[in-house]
Amino acid sequence: MSAEVSASPAAGGSAPLDKVRALQHTLYRAAKADPGRKFHALFDKVCRRDVLQRAWVTVRANDGAPGVDWVTLADVEEYGVTRLLDELADELRSGRYRPCPARRVFIPKPGVKDELRPLSIPAVRDRIVQAAVKIVVEPVFEADMLPCSFGFRPRRGAHDALQVLVDESWRGRRWVVETDIASCFTAIPHEGLMRAVEERVCDQSVLKLLRVILRAGVMEDGRVRRPVTGTPQGGVVSPLLCNVYLHRLDRVWNEREHGILVRYADDLLVMCKSREQAEAAVMRLRVLLADLGLEPKEAKTRVVHLQVGGEGLDFLGFHHRLVEVTGRRNNRRPVTFLARWPADRAMEHARDRVRELTCRSRLLLPVEVIVEDVNRFLRGWAAYFRYGNSAKAFEKIEYHVWTRVASVIARRHKRSRGYGWSVLAYQSPDHFGLISLSGTVVAPRPFKAWRERPNAGGERRR
């Protein structure tokens, strides 16, 4: 099911599903019941008015910049959402729909200075069509996805992947193959991708629409390029197509022979029992990726032995390291487990963002406004990193935040930093509303779900 669909049955199961959600349930169950079935009547569902309306809600909620036509979301609302959706439905049914090239921009790569990541921004109307395709097609392919895949899937996320690392290290798999796929989103061959889609979808109108989306190309420096590989990073449907293609890797992976595969989109880890198994897993990965027209990124491919006092590894924003803790009560024997806390790049990103929010150019703003912006960032950052052994890291970030806010107060009054600390810590009863990260950390445990209820509304995980 689509993660963007918010409708969910109540815990008691009495609340009815909305029509789009019911459609997704039906498609998922049909695909799950018959793994060999090919779906031939999907295009009419893409064109459905309620599906397009749900697609618009998704696009609007995600916000985003305009595409090459420079039409913003506000422009669409002024033009009329109903009017635009009716026009898109008519163009789709008549076969006149043609997407615009995506606008290519380069954004800073998180945690890496002087390195940019290409991002393709489709036009708003094209994002709506892609979202509608995703709503209809995703349940069909989700029925086939395997437990080793976690990225960009409904009801699965990064913390589910991180829990696998904790569980498998406890089982003794402490030789880890770490790698990611080089230029994955730009290297996937279109023909191979369409063959993967055709394993489940035989509706020629949907296949034609996907080909049109893939061949729309990107506009960079005023020139349009239409490569024969890649699903541009930034498109609504791109993560789903990436997972559909890499599912071919997941389904041929032999866990008994090569270890436990953990894949988050194009980031890969393999948890192995021995060095020999890890080296064999590296060779196997190279062969399987070569068969798909892909290759691992050499600079990030390595084998790590998790041991107390040894090196660790970074994965999904966390640094993972094997530690040994001695019990404090009744002379309990030491316990060895895989701990994780925010990686250095994540810490540096947090500090940089706090500096941006408390820089000199914002001194004319009220302190309460600056604190509100800082709080908004801290809530999002801490909501992800609180599920780990992150207490010390949170203390460092919290101290950095207090130092920066105290500096803002001091500069506004042209006083010393000590004055700023005094006002923040003692003279303001609620510290200007600055939130505390103390006591928010939830340490992971082997074989224990990282959250008590998998899904909201009492819905079971598929």
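Everything numeric in this text was worked out from a predicted model, so none of it was measured.

The rules we used
- Residues numbered from 1 in each chain as written.
- Predicted model: local features only at pLDDT ≥ 70, side-chain atom pairs only at ≥ 80, totals over all residues.
- Heavy atoms only, no water.
- Helix = DSSP H or I, 4+ residues; strand = E, 2+ residues; numbered from the N terminus.
- Rg over C-alpha atoms; globule rule 2.2 N^0.38 Å.
- Contact = heavy atoms within 4.5 Å.
- Areas by Shrake-Rupley, 256 points an atom, 1.4 Å probe, with all protein chains shown as cover.
- Lys, Arg positive; Asp, Glu negative; His and termini not counted.
- Charge placed at Lys NZ, Arg CZ, Asp CG, Glu CD.
- Buried < 20%, exposed > 50% of the residue type's maximum accessible area, 1.4 Å probe, protein only.
- Core = buried A, V, L, I, M, F, W, Y, C linked by side-chain atoms within 4.5 Å.
- Pairing = 2+ DSSP bridges.
- Axes fitted to C-alpha atoms, helices over the stretch in contact; angles between N-to-C directions.
- Phe/Tyr/Trp six-rings, centres within 6.5 Å; stacked < 30°, edge-to-face > 60°.
- Lys NZ or Arg CZ within 6 Å of the ring centre and 35° of its normal.
- Expected span 1.5 Å × (residues − 1).
- Arc of directions from axis to C-beta.
- Salt bridge = Lys/Arg side-chain N within 4 Å of Asp/Glu carboxyl O.
- 1 Å grid on protein atoms, 1.4 Å probe; cavity = no way out; pocket = protein on both sides within 12 Å on 5 of 7 lines; lining within 4 Å.
- Points joined across faces, edges and corners; volume = space filled by probe spheres on them.
- Nonpolar A, V, L, I, M, F, W, Y, C, P; charged D, E, K, R; others polar.
- Polar contact = N/O pair within 3.5 Å; in protein donor to acceptor, adjacent residues only side chain to side chain.
- Parallel < 35°, antiparallel > 145°, perpendicular 65-115°, else oblique.
- Left-handed = near helix turned anticlockwise from the far one by under 90°.

Q: Before we move on, could you go through the overall build of the chain and cite the residues and values that matter?
A: Counting secondary structure elements, the chain contains 17 helices and eleven strands. In terms of overall size, the chain behaves like a compact globule, its C-alpha atoms giving a radius of gyration of 25 Å where 462 residues would be expected to give roughly 23 Å. Its C-alpha atoms put the chain at 70 × 60 × 55 Å along the principal axes. Put simply, 69% of the contacts in the chain that link residues at least 6 apart link residues at least 24 apart. Of the roughly 23100 Å² of accessible surface on the chain, a fraction of 51% belongs to carbon and sulfur atoms. Looking at the chain, you have 78 positive and 56 negative side-chain charges, and the mean spots of the two groups are 4 Å apart.

Q: How would you explain unusual backbone geometry if you had to name every residue and give the values?
A: For Lys 414, which is not glycine, the phi torsion reads 55° and is therefore positive. Along the chain, the position of Lys 414 falls in the loop between helix H16 (391-413) and helix H17 (417-427). Taking the relative accessible area as the measure of exposure, Lys 414 reaches 78% and is therefore exposed. A positive phi angle, near 55°, is found at His 431, a position not held by glycine. Along the chain, His 431 turns up in the segment after H17. Exposure remark for His 431: the relative accessible area of 25% places this residue in the partly exposed category.

Q: Explain the nonpolar core to me, and be specific about the residues and the numbers.
A: Ile 128, Val 197 and Leu 209 are the most contacted members of the largest nonpolar core, which totals 77 residues. In terms of residue count, helix H6 (residues 124-142) provides more of this core than any other element does, eleven residues in total. Core analysis: the next-biggest nonpolar cluster, separate from the first, contains 49 residues, Leu 313, Leu 316, Leu 338 and Phe 432 among them.

Q: I'd love a proper account of the sheet that holds strand S4 (residues 218-220), names of residues and values included.
A: Judged by pairing direction, the sheet is mixed, and its four strands sit side by side in the order S2-S1-S4-S5 without closing on themselves. Among the strands making up the open sheet, the edge pair consists of strand S2 (116-121) and strand S5 (223-225). Averaged over neighbouring strand pairs, the angle between their axes works out to 40° when direction is ignored. When S4 meets S5, the two strands line up antiparallel, connected through three bridges. Each residue of the ladder has a partner; that of Glu 220, found in S5, is Arg 223.

Q: Describe in detail the sheet that holds strand S9 (residues 313-315), supporting the description with residues and values.
A: The strand order S9-S10-S11 describes an open sheet built from three strands, whose pairing is antiparallel. Sheet topology places S9 and strand S11 (335-342) at the edges, where each strand pairs with a single neighbour. Shown here is a sheet whose adjacent strand axes are inclined to one another by a mean of 40°, direction ignored. The sheet contact formed by strand S10 (residues 318-325) and S11 spans eight bridges and is antiparallel. When the sheet's bridge partners are listed, Arg 321 is paired in S11 with Ala 339.

Q: So what's going on with the packing of aromatic side chains? Residues and values would help.
A: In total, this model carries nine aromatic pairs according to the counting rule given. On the basis of an interplanar angle of 40° and a centroid distance of 5.6 Å, the ring pair of Trp 381 and Phe 394 is categorised as tilted. With Trp 381 in helix H15 (residues 367-385) and Phe 394 in helix H16, the pair connects residues that are 13 residues apart, well separated along the chain. Three or more aromatic residues joined by ring pairs make a cluster, and in this case those are Phe 318, Trp 381, Tyr 384, Phe 385 and Phe 394. Taking the ring centre of Phe 39 as reference, the NZ or CZ of Arg 37 above it sits at 4.5 Å.

Q: Can you explain helix H13 (residues 275-291)? Please cite residues and give values.
A: The terminal C-alpha atoms of H13 lie 25 Å apart, and with 17 residues this matches the ideal 24 Å at 1.5 Å per residue to within 8%. Buried within H13 are the following residues: Gln 277, Ala 278, Ala 281, Val 282, Leu 285, Leu 288 and Leu 289. Taken around the axis of H13, the buried residues stretch over an arc of 145°, which confines them to a single face. The exposed residues of H13 that point more than 90 degrees off its buried face are Glu 276, Met 283 and Asp 291. On its buried face, H13 is in contact with strand S3 (175-180), helix H11 (238-252), helix H12 (255-258), strand S7 (267-272) and strand S8 (302-305). Phi turns positive one or two residues past the end of H13, at Gly 293, with a value near 80°.

Q: Could you give an account of the pattern of salt bridges, with specific residues and numbers?
A: The full count for this structure, using the stated rule, is 29 salt bridges. With a closest N to O distance of 2.7 Å, Glu 168 and Arg 171 form a salt bridge. Note that Arg 173 is salt-bridged to Glu 168, the shortest N-O span being 2.5 Å. A single network of salt bridges, built from pairs that share partners, joins Arg 362, Glu 372, Asp 373 and Arg 376.

Q: I'd like a rundown of empty space enclosed by the protein, residues and numbers included.
A: Throughout the structure, instances matching the rule amount to four cavities of 30 Å³ or more. Lining the largest cavity are 17 residues, with Pro 122, Gln 130, Ile 213, Ala 216 and Pro 232 sitting closest to its centre. Elements that contribute at least two residues to the lining of the largest cavity include exactly H6, helix H10 (204-214) and H11. The residue inventory of the lining of the largest cavity, partitioned by class, reads eleven nonpolar, five polar and one charged.

Q: Lay out the side chain of Gln 24 with the relevant residues and their values.
A: Position of Gln 24 among the secondary structure elements: in helix H1 (residues 19-33). Within the structure, Gln 24 has its side chain in polar contact with the backbone oxygen of Ile 135 (distance 3.1 Å).

Q: Would you mind going over the packing of helix H14 (residues 344-357) against H16 in detail, with residue names and values included?
A: Between H14 and H16, the shortest axis-to-axis distance is 10 Å and the interhelical angle comes to 15°. Considered as vectors, H14 and H16 are oriented roughly parallel to each other. Considering only the axes of H14 and H16, their crossing is right-handed. Taking contact as the criterion, the partners of Met 347, Ala 350, Arg 351, Val 354 and Arg 355 in H14 are, on H16, Ala 393, Lys 396, Ile 397, His 400, Val 401 and Arg 404.

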